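If you want the building blocks of each chain, they are given just below.
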Amino acid sequence: MKAPVRVAVTGAAGQIGYALLFRIAAGDMLGKDQPVILHLLEITPALDALKGVVMELNDCAFPLLADVVATDDANVAFKDVDYALLVGARPRGAGMERKDLLEANGKIFGPQGKALNDHAKRDVKVLVVGNPANTNALIAQQSAPDLDPKCFTAMVRLDHNRAMSQLAEKTGKHNTDIKKMIIWGNHSSTQYPDIHHATVDGTAATDLVDQAWYESDFIPTVQQRGAAIIKARGASSAASAASAAIDHMRSWALGTDEGNWVSMGIPSDGSYGIEPGVIYGYPVTCKDGKYAIVQGLEINDFSRARMDATEQELREERSAVEGLFAK
Ligand SMILES: NC(=O)c1ccc[n+]([C@@H]2O[C@H](COP(=O)([O-])OP(=O)(O)OC[C@H]3O[C@@H](n4cnc5c(N)ncnc54)[C@H](O)[C@@H]3O)[C@@H](O)[C@H]2O)c1
Ligand SMILES: O=C(O)C[C@H](O)C(=O)O
């Protein structure tokens, strides 16, 4: 049996937390041979609710769950952690854009970035889920000067999965037939779901669907899917968000499949002409616990305009939060 690894989850008593913890403890994220110690962070008023979640985790008698730490202190929650899923943040309501949450949520991520800087393992893998995820990840990263910026990522995997599901439905195929989907940019309504490199059961996706459907149906459906779920459910996505978080971390830790890639929000290194530093959705392959941007893809004018628009939004969000980077 492997030695246990430490996995921090913030907002552990929230909706996504409730859909996430039990799957991590069951081995869905890091494998059925990897014991985990869960470190659960909540705000003080939610500690009673968190106690109930811990009771339920214990009641599952998971073979892989080695221990649980439940706390309202980020310094305790991030002590020696190998993985950190930063979920704890307010969700948006109907009629809001995710960036409207920056004021309420941005201030959470400076102190948490600093606590990760001071206490986490030096190769910690951080996934920010709390919205607006890309810019919150930037705040955390900028507040952790002693950690490699590559430790910090934001979730666009839910968008990636949504895009695969839409394309599968349209072409009458299964999700598993879709390869090489891309979500470029921000987890927001400017994100650019790009099918120019995608294949469906080995055939180029662009040969199977027409431009009108791509432009006027597929792209807006994927961009607006979060809002559509809020409208239908009266609450933001939770189980699908938790599932995407599991997928993101599993790909990063255990690797991507040969001949395929996934989308991750990562600090831009300037690839594809994107402003260095902003946390931008890119196609990546993962191996040995590291991700690498897929290079050399041909970008046409249609894609370029959309990649630039979502980059512009990320630059604007960055300008709005520079005061929130913790020293
Ligand atoms: N990136 C994505 O694809 C994606 C998808 C779905 C939801 N989200 C976002 O995830 C976040 C959480 O959603 P939810 O539905 O679980 O919300 P929720 O309100 O059900 O739960 C959030 C939890 O976070 C806790 N919390 C608040 N501040 C905290 C802090 N400083 N430290 C620790 N915990 C804190 C709250 O007490 C609450 O229990 C929201 O911002 C939502 O918009 C992102
Ligand atoms: O849309 C939201 O606010 C929640 C989440 O980011 C989603 O995409 O479902």
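Remember, predicted model here, so these are calculated numbers, not experimental data.

> How should I be thinking about the nonpolar core in this particular structure?
The tendency in soluble globular proteins is for nonpolar side chains to be buried as a group. Counting residues in each nonpolar core, the largest one holds 77 residues, and the members touching the most others are Val-7, Leu-20, Leu-40, Leu-57, Leu-85, Leu-167 and Phe-218. Per element, the largest residue contribution to this core is eight residues, and it comes from helix α9 (residues 239-254). Both of domain 1 (5-154) and domain 2 (156-319) provide at least three residues apiece to this core. With sequence-adjacent residues up to four places away left out, Leu-57 is seen in contact with Leu-21, Phe-22, Ala-25, Leu-38, Leu-40, Phe-62 and Leu-65. Of all hydrophobic cores here, the second largest spans 29 residues; its members include Ala-8, Leu-41, Val-81 and Leu-138.

> For this particular structure, what's the right way to read the packing of helix α4 (residues 102-119) against helix α5 (residues 133-142)?
For any two helices packed against each other, one specifies the crossing angle of their axes together with the interaxial distance. It is the contact of α4 with α5, at a shortest axis distance of 7 Å, that shows an interaxial angle of 30°. The two elements α4 and α5 meet at a crossing, and its hand is right-handed. In contact with Leu-102, Asn-105, Gly-106, Phe-109, Gly-110 and Gly-113 of α4, α5 contributes Thr-135, Asn-136, Ile-139 and Ala-140. Along the lines of polarity and charge, the residues of the contact of α4 with α5 split into four nonpolar, six polar and no charged.

> Looking at this structure, how should I read the pattern of salt bridges?
It is possible for side chains of opposite charge to pair when their charged atoms get near one another. Following the criterion strictly, the structure yields 14 salt bridges and no others. In this structure, the salt-bridge partner of Asp-28 is Arg-23, at a minimum N-O distance of 2.8 Å. By relative accessible area, which is 23% here, Asp-28 ends up partly exposed. The salt bridge partner of Arg-304 is Asp-308, with a shortest N-O separation of 3.0 Å. Here Arg-304 and its partner Asp-308 are both found in helix α10 (residues 301-321), four residues apart, which amounts to about one turn of the helix. Using a relative accessible area of 32% as the deciding quantity, one classes Asp-308 as partly exposed. Residues participating in the shared-partner salt-bridge network are Glu-275, Glu-311, Arg-315 and Arg-318.

> Help me out: how do you make sense of the packing of helix α1 (residues 15-25) against α9 in this one?
With their axes 8 Å apart at the nearest point, α1 and α9 run at an angle of 40° to one another. When the axes of α1 and α9 are compared, the pair comes out oblique. Here α1 runs over α9; the crossing is right-handed. Residues Ile-16, Ala-19, Leu-20, Arg-23 and Ile-24 of α1 pack against Ala-239, Ala-241, Ala-242, Ser-243, Ala-245 and Ile-246 of α9. Grouping the constituent residues of the contact of α1 with α9 by class yields nine nonpolar, one polar and one charged.

> What should I look at first to understand the sheet that holds strand β11 (residues 203-204) in this one?
Two pairing modes exist for strands in a sheet, parallel and antiparallel, and in both the strands are linked by backbone hydrogen bonds. If you trace the three strands from one edge of the open sheet to the other, you get β7-β10-β11, paired in antiparallel fashion. With partners counted over all chains shown, the strands left at the sheet margins are β7 (178-179) and β11, one partner each.

> Help me understand the packing of aromatic side chains, please; the structure alone is not making it clear to me.
The relation between two aromatic rings is expressed through the spacing of the ring centres and the mutual angle of the planes. For the coordinates displayed, the defined rule picks out 10 aromatic pairs. On the numbers, 5.5 Å between centres and 70° between planes, the contact of Tyr-18 with Phe-22 is edge-to-face. Taken together, the residues span about one helical turn, with Tyr-18 and Phe-22 both in helix α1 at a distance of four residues. Taken together, the ring pairs connect Tyr-192, Trp-213, Tyr-214, Phe-218 and Phe-302 into an aromatic cluster. Above the ring of Phe-302, the side-chain terminus of Arg-306 is found at 3.6 Å from the ring centroid.

> Just to check I follow, could you spell out the state of the cysteines for this structure?
What is meant by a disulfide is a covalent connection between two cysteines, made through their sulfur atoms. Counted according to the given criterion, the structure contains zero disulfides. Cys-151 forms no disulfide, and the closest cysteine sulfur to it belongs to Cys-286, at a distance of 14 Å. On the basis of relative accessible area, Cys-151 is assigned to the buried category, the value being 6%. By relative accessible area, which is 4% here, Cys-286 ends up buried.

Procedures and definitions
- Residues numbered from 1 in each chain as written.
- Chains lettered and ligands numbered in written order.
- Predicted model: local features only at pLDDT ≥ 70, side-chain atom pairs only at ≥ 80, totals over all residues.
- Heavy atoms only, no water.
- Core = buried A, V, L, I, M, F, W, Y, C linked by side-chain atoms within 4.5 Å.
- Buried < 20%, exposed > 50% of the residue type's maximum accessible area, 1.4 Å probe, protein only.
- Helix = DSSP H or I, 4+ residues; strand = E, 2+ residues; numbered from the N terminus.
- Domains from an automatic or database assignment.
- Contact = heavy atoms within 4.5 Å.
- Axes fitted to C-alpha atoms, helices over the stretch in contact; angles between N-to-C directions.
- Left-handed = near helix turned anticlockwise from the far one by under 90°.
- Nonpolar A, V, L, I, M, F, W, Y, C, P; charged D, E, K, R; others polar.
- Salt bridge = Lys/Arg side-chain N within 4 Å of Asp/Glu carboxyl O.
- Parallel < 35°, antiparallel > 145°, perpendicular 65-115°, else oblique.
- Pairing = 2+ DSSP bridges.
- Phe/Tyr/Trp six-rings, centres within 6.5 Å; stacked < 30°, edge-to-face > 60°.
- Lys NZ or Arg CZ within 6 Å of the ring centre and 35° of its normal.
- Disulfide = S-S within 2.5 Å.

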